[in-house]
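Each chain, written out:
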Amino acid sequence: MELVMPPKKKRPTPILIRNIMIALALIALYIWTFSTIDIRWERVFSERTITNFSRVIPQLFSPDWDAFQKVMILMWQTIQMAYTGTLLAAILAVPFGFFAASNITKSKTLNILSKGALDAIRAFPELVLALMFVAAIGPSPFAGVLAIAIGSIGMLGKLYSEVIESIDMHVVEALEANGANKIQVLFYGIIPQIVPEFLSYAIYRFEIDIRASTILGIIGAGGIGTLITIATANRNWDEVGMILLIIIIVVTAIDYFSAFIRKRIV
Amino acid sequence: MNSETVVQGLTSTKEKLRITIILIAVIGMYIYTSRATESSILDFIDGWSGFQRIAVDLFPPNWSYAPLVGEKLAETIQMAIIATTVAALVSIPIFLLSAANLFPNAWIHMPVRLLMNILRTIPDILLAVIFVGIFGVGVFPGIMALFIFSLGILAKLMYETIEAIDMNPIDAIRAAGGNTMQVIWFAVLPQVLPQFVSFTLYVFEVNVRASVVLGFVGAGGIGLLLQQQVSFFNYPRVMTIIIIIFVAVVIIDYISNKIRERLV
Amino acid sequence: MIEFKDVSLVYPNGTQGLKNINLKVNQGEFVVVVGLSGAGKSTLIRSMNRLVTPTDGELLIEGNNILNYNHRNLRKLRTRVGMIFQNYNLVRRSTVMRNVISGRLGHTGTVKSILNLFLKEEVSLAYQSLDRVNIAEKLYQRADQLSGGQQQRVAIARVLTQQPKIVLADEPVASLDPPTSHQVMKYLRKINKEDNITTIVNLHFIDMAMEYADRIVGMRSGEIVFDGPVSEVTEQTFEKIYGRKIREDDLVGGHDNE
């Protein structure tokens, strides 16, 4: 018996061509990647890896409690750096947010300039910023705080401007119709609408900044990262284990705490 | 009404007091931390000459250095590509097992989630330090660090997506006699595929930024050059590197965003 | 043949879903189960393919008690019992054909189905099933591009592709407008007659139940309060099932005059 088969699927030629192009581009990308990258496999799979592995891993999982106090002191500094940087950014990002919001700032040039500045900041990892600040003012927590603050302005400014652009403009219109001036509109029409979201984003950014601050010390910008460099240079992997443990606990605790506060705000 | 209502301001006294206390605490804490981290306004004024010096020294960038930077930039991007690809593939079983609507048994999804939560708290560069300690200096430890870090992010984003899918088709496939694998393949994955691709691209963006700095700890990529040139005080070269990183990150973000917009 | 022997079901939260159900359905019958929402219609239907599991009694399908089936037996049972849902339950982002072929999953090995290695006969069957509900031309469209009525027809095609002995339909027309509802019921009736598939449908519209059923089963608070051929059903029967007077919204109206 002849089977009744469904007709073949017809794809329009442009889509077919597009799909083939995408596939070819992807294949080319992977060929380029794997043919030129220099992974020294003979080192990766060497005796040294095995000896390192058996030395490093067990030590990581048996944290050195003698280092506890030292680690905690620098963890506290890390938290202070994150707090200072985030708070600075939370305030400094406000004007950026307003300038970038097209419903409040009517000047196109100002919109584009501030949006561009925020985008530009976000292109750089904090660690690159920190490296430059260390070069400028020498190794210090201040360099780290600046890196955190500037990096956070990039994200907070953008989020703020999105919040401002989504406010209910009817309220603003109503106040203007009542004869309120610009400052009055700002305080009675706009600020009440945006404060909870601004706070919530700033606290969220604090979570991110805590993570970011833990590593700044690797290049001399203060905090617990300073110890990481010393401990690895001396191959004190049990101390690295202690640092790791404390980072995991503190970051988790702050995440929960921050999520709790943010839930109450919004 | 027998008594006149006394209105005291627009907000209640209790609320005002609460806000004032919080504000004082936040500002007080700031004053303390900014002194402890030597980051007050005074420190800023002290450091001003340093910023000025650097800002002047950075210009003009040294473009003859660009080809070498280009090579290392390629390596940076390649590390991100490999790490993202492997993480995307490995994350599939992990996020499926973490989804409570597919595996309601808490003994399955809770341990997997816990492990992923812990992984996400470890900064990628710290992972890189550890992997450099094991595998030696090179791109491999960098790729491993990015891979582990991406795994945590992808797994979380995806299991949350799966927990929000339409469960009706899953009932239908079960009712037609499909087993768990078939339910996943025919009813779950088609629903989450666009998000999966979108999140993978997002993780790629994150990984490009992260791999820029991995070189600081010897884990490959452009960061090595940046740190070298900074320590040699060769600022025109530093500027070249910074500009190239900037352009590359902006272009990659732009392309990735365009694709993601079309997906969802 | 399906046989309920003193079947009861208590949900983990203590709600009694079914109370001492005794029911026999012969091969090829078209049974409509009516009752208010919460009367246990859905629980009754879903226990026949064990989407819910009764806590007491015996439920025999083709002579075997399905209540003690293990995983493997359950999968076999479900290949023989097809199901239609109120919300069609198609994978919205997949094509019509892929949705329909998924009716074969119970018959196909895991690896084969994932690699899309369905037999020629199965692909042909899926296509013919679509043709039987007059929607073959939508073959390669995505399910979410179809109207509700069309999606339910695709769901019927999926069940047909399963080649079941029994079809369970849980409120198949509750999300559809009257003309489309009649169309869907007609297709269900058609496959019931042509393939001699035992069909059990939950409905809450009285007139629709009367028009398509061979036999009506009335449920109220988890119990069967009426069971008999359509010819024996009167307005009083429905008042007994519903525990109140019949109202306008118990009727779908729009008897189709095609």
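Residues numbered from 1 in each chain as written. Chains lettered and ligands numbered in written order. Predicted model: local features only at pLDDT ≥ 70, side-chain atom pairs only at ≥ 80, totals over all residues. Heavy atoms only, no water.

### Brief notes about the overall build of chain A
Convention followed: Each helix is a run of DSSP H or I of at least 4 residues and each strand a run of E of at least 2, with the numbering of both proceeding from the N terminus. Computation of the radius of gyration draws on C-alpha atoms, with the globule rule given as 2.2 Å multiplied by the number of residues to the power 0.38.
Across its full length, chain A holds 11 helices and zero strands. For chain A, the sequential pattern of α-helices and β-strands runs α-α-α-α-α-α-α-α-α-α-α. Against the compact-globule benchmark of 18 Å for 266 residues, chain A has a radius of gyration of 26 Å, which places it well outside the compact range. C-alpha extents for chain A along the principal axes are approximately 80 × 80 × 40 Å.

### A short note on the overall build of chain B
Of regular secondary structure, chain B possesses 10 helices and zero strands. Put simply, chain B runs from its N terminus to its C terminus through helices and strands in the order α-α-α-α-α-α-α-α-α-α. The C-alpha atoms of chain B give 26 Å as radius of gyration, which overshoots the globular expectation for 264 residues (18 Å, by more than 25%). When the backbone C-alpha atoms are referred to their principal axes, chain B occupies close to 80 × 70 × 40 Å.

### Section: the pattern of salt bridges
Residue and element names in this part refer to chain A. Applicable threshold: The rule for a salt bridge is simple: a side-chain nitrogen of Lys or Arg has to be within 4 Å of a carboxyl oxygen of Asp or Glu. Per-residue accessibility, obtained with a 1.4 Å probe over protein chains only, is compared with the maximum for each type, and a residue is labelled buried under 20%, exposed over 50%, and partly exposed between these values.
Counting across every chain of the model gives 29 salt bridges over all chains. Across the pair Glu-207 and Arg-262 runs a salt bridge, and its minimum N-O distance is 2.7 Å. In this pair, Glu-207 sits in helix H9 (residues 182–216) while Arg-262 sits in helix H11 (residues 237–265), placing the two residues 55 residues apart along the sequence. Using a relative accessible area of 9% as the deciding quantity, one classes Glu-207 as buried. Residue Arg-262 is classed as partly exposed on the basis of its relative accessible area, which comes to 22%.

### Things to note about the nonpolar core
How we decide: Nine residue types can take part in a nonpolar core, namely buried Ala, Val, Leu, Ile, Met, Phe, Trp, Tyr and Cys, and a core is a set of them joined through side-chain atoms within 4.5 Å. What makes two residues a contact is simply this: any of their non-hydrogen atoms within 4.5 Å.
Judged by nonpolar contacts, the single largest core of 193 residues is most densely connected at Leu-102, Ile-162 and Leu-226 of chain B together with Leu-130, Ile-156, Met-185 and Leu-188 of chain C. Leaving out residues up to four positions away in the same chain, Ile-156 of chain C has contacts with Ile-84, Val-133, Val-184, Tyr-187, Leu-188 and Ile-191 of chain C. Counting residues in hydrophobic clusters, the runner-up holds 32 residues, among them Val-7, Ala-39, Val-52 and Ile-66 of chain C.

### As for the interface of chain B and chain A
Stated precisely, the cut-off is as follows: Here the buried area means the combined drop in accessible surface, using a 1.4 Å probe, for two parts upon being joined, counting both sides. Under the rule applied, a polar contact is a pair of N or O atoms within 3.5 Å (in protein, one hydrogen donor and one hydrogen acceptor; residues adjacent in sequence only if both atoms are side-chain atoms).
Counting from both sides, the interface comprises 61 residues of chain B and, opposite them, 62 residues of chain A. Overall, the association of chain B and chain A removes approximately 5100 Å² of surface from exposure, summing both partners, and the carbon and sulfur fraction of that is 78%. The three residues of chain B that bury the most area against chain A are Gln-78, Thr-121 and Ile-134 of chain B, which together make up 12% of that side's buried surface. Taken together, chain B and chain A are joined by zero salt bridges. Joining chain B to chain A, the criterion identifies 16 residue pairs in polar contact (both at pLDDT 80 or more).

### A look at the UniProt feature "transmembrane region" (unreviewed entry) in chain B
Convention followed: UniProt positions are given in the numbering used here, feature names are shortened, and annotations may be inferred rather than shown by experiment.
According to UniProt, the feature "transmembrane region" (unreviewed entry) maps to residues 17–33, 77–104, 125–149, 183–204, 211–229 and 235–255 of chain B in the numbering used here. Helix makes up 100% of residues 235–255 of chain B and strand makes up 0%, while its end C-alpha atoms are separated by 30 Å.

### Observations concerning the confidence of the model for chain B
Low pLDDT marks stretches whose predicted atomic positions should not be read closely. Quick note on the threshold: Each residue carries a pLDDT value, the predictor's own confidence for that position, ranging from 0 to 100.
Mean pLDDT for chain B: 91, with 96% of residues reaching 70 or above. The ipTM assigned to the predicted complex is 0.88, against a pTM of 0.88.

### Observations concerning the sheet that holds strand E7 (residues 166–169) of chain C
Neighbouring strands of a sheet are bound in pairs by backbone hydrogen bonds; such pairs are parallel or else antiparallel. Residue and element names in this part refer to chain C. How we decide: Pairing between strands is defined by DSSP: at least two bridges between them are needed. Each axis is a line fitted through C-alpha atoms, taken for helices only over the stretch in contact, and angles between the N-to-C directions span 0 to 180 degrees.
The strand order E6-E7-E8-E3-E9-E10 describes an open sheet built from six strands, whose pairing is mixed. In the strand order of this sheet, the two ends are held by strand E6 (81–84) and strand E10 (223–229), each with one partner. This sheet shows a mean twist of 15 degrees between the axes of neighbouring strands, independent of strand direction. Summarising the sheet, strand E9 (residues 215–220) and E10 pair through six bridges and their orientation is antiparallel. Bridged to Arg-215 within E10 is Pro-229. This element, helix H6 (residues 148–161), spans E6 and E7 of the sheet and lies at about 175 degrees to E6.

### A few points about the UniProt feature "transmembrane region" (unreviewed entry) in chain A
All names here are of chain A. Residues annotated by UniProt as "transmembrane region" (unreviewed entry) correspond here to residues 15–33, 81–102, 123–150, 215–234 and 240–261. Along residues 15–33, the helical share is 100% and the strand share 0%, with 27 Å between the first and last C-alpha atoms. Taken end to end, residues 123–150 is 79% helix and 0% strand, and its two terminal C-alpha atoms sit 12 Å from one another.

### A few points about the domain arrangement of chain B
As a reminder, the rule being used: Domain start and end points were adopted from an automatic or database domain assignment.
Split by domain assignment, chain B resolves into domain 1 (13–57) and domain 2 (63–263). Look at where the C-alpha atoms of domain 1 of chain B and domain 2 of chain B centre, and you get two points 35 Å apart.

### What about the UniProt feature "domain: ABC transmembrane type-1" (unreviewed entry) in chain A?
Cross-referencing UniProt, the feature "domain: ABC transmembrane type-1" (unreviewed entry) maps to residues 75–258 of chain A in the present numbering. For residues 75–258 of chain A, the helix share is 83%, the strand share is 0%, and the end-to-end C-alpha distance is 18 Å.

### Quick word on the sheet that holds strand E1 (residues 2–10) of chain C
Residue and element names in this part refer to chain C. Taken in spatial order, the four strands of this open sheet run E2-E1-E4-E5, and their pairing is antiparallel. On the outer flanks of this sheet lie strand E2 (16–25) and strand E5 (64–65), each paired with one strand and no other. For strand E4 (residues 56–61) and E5, the ladder comprises two bridges, and the chain directions are antiparallel. Of the residues in E5, the one forming a bridge with Leu-60 is Asn-65.

### Some thoughts on the pairing of strand E3 (residues 30–34) of chain C
As a general feature of sheets, a regular strand has side chains that alternate between the two faces. Residue and element names in this part refer to chain C. Taking burial as the measure, the five residues of E3 include five buried ones, the bulk of the element. Side chains Phe-30, Val-32 and Val-34 of E3 all project onto a buried face; the interleaved residues Val-31 and Val-33 project onto the opposite face, where all are buried too. Pairing of E3 with strand E8 (residues 198–203), which is carried by five bridges, proceeds in the parallel orientation. Bridge pairing links Val-32 to Val-201 in E8.

### Overview of the packing of helix H4 (residues 68–100) of chain A against helix H7 (residues 141–165) of chain A
Which entries qualify depends on this criterion: Two helices that cross are described as forming a left-handed crossing if the nearer one is turned anticlockwise from the farther one by less than a right angle, and a right-handed crossing if clockwise.
Close contact between H4 of chain A and H7 of chain A brings their axes to 6 Å; oriented N to C, the two are set at 40 degrees. Note on packing geometry: the crossing formed by H4 of chain A with H7 of chain A is right-handed.

### A closer look at H6 of chain C
For an α-helix the count is 3.6 residues per turn, leaving residues at separations of three or four pointing the same way. Here is the rule we go by: Given a helix with a known number of residues, its expected span is that number minus one, times 1.5 Å.
In this model, H6 of chain C (14 residues) spans 20 Å end to end at C-alpha, consistent with the 20 Å of a helix rising 1.5 Å per residue. Burial analysis of H6 of chain C places 12 of its 14 residues in the buried class, which makes it a mostly covered element. Of all the positions in H6 of chain C, only Gly-149, Gln-151, Gln-152, Arg-153, Val-154, Ala-155, Ile-156, Ala-157, Arg-158, Val-159, Leu-160 and Thr-161 of chain C are classed as buried. Elements in contact with the buried residues of H6 of chain C: helix H7 (168–175) of chain B together with E6, helix H3 (96–101), helix H5 (120–132), E7 and helix H7 (178–195) of chain C. Phi turns positive one or two residues past the end of H6 of chain C, at Gln-163 of chain C, with a value near 50 degrees.

### Re the interface of chain A and chain C
Spelled out, the test is: Here the term charged refers only to Asp, Glu, Lys and Arg, the term nonpolar to Ala, Val, Leu, Ile, Met, Phe, Trp, Tyr, Cys and Pro, and the term polar to all other amino acids, Gly among them.
Counting residues at the interface gives seven residues for chain A and 10 residues for chain C. Carbon and sulfur atoms supply 76% of the area buried between chain A and chain C, which totals about 780 Å² over both sides. Viewed at the interface, chain C and chain A are joined by zero salt bridges. If you look at where chain A meets chain C, you find two residue pairs in polar contact (both at pLDDT 80 or more). For the side of chain A that touches chain C, the per-class residue count stands at five nonpolar, no polar and two charged.

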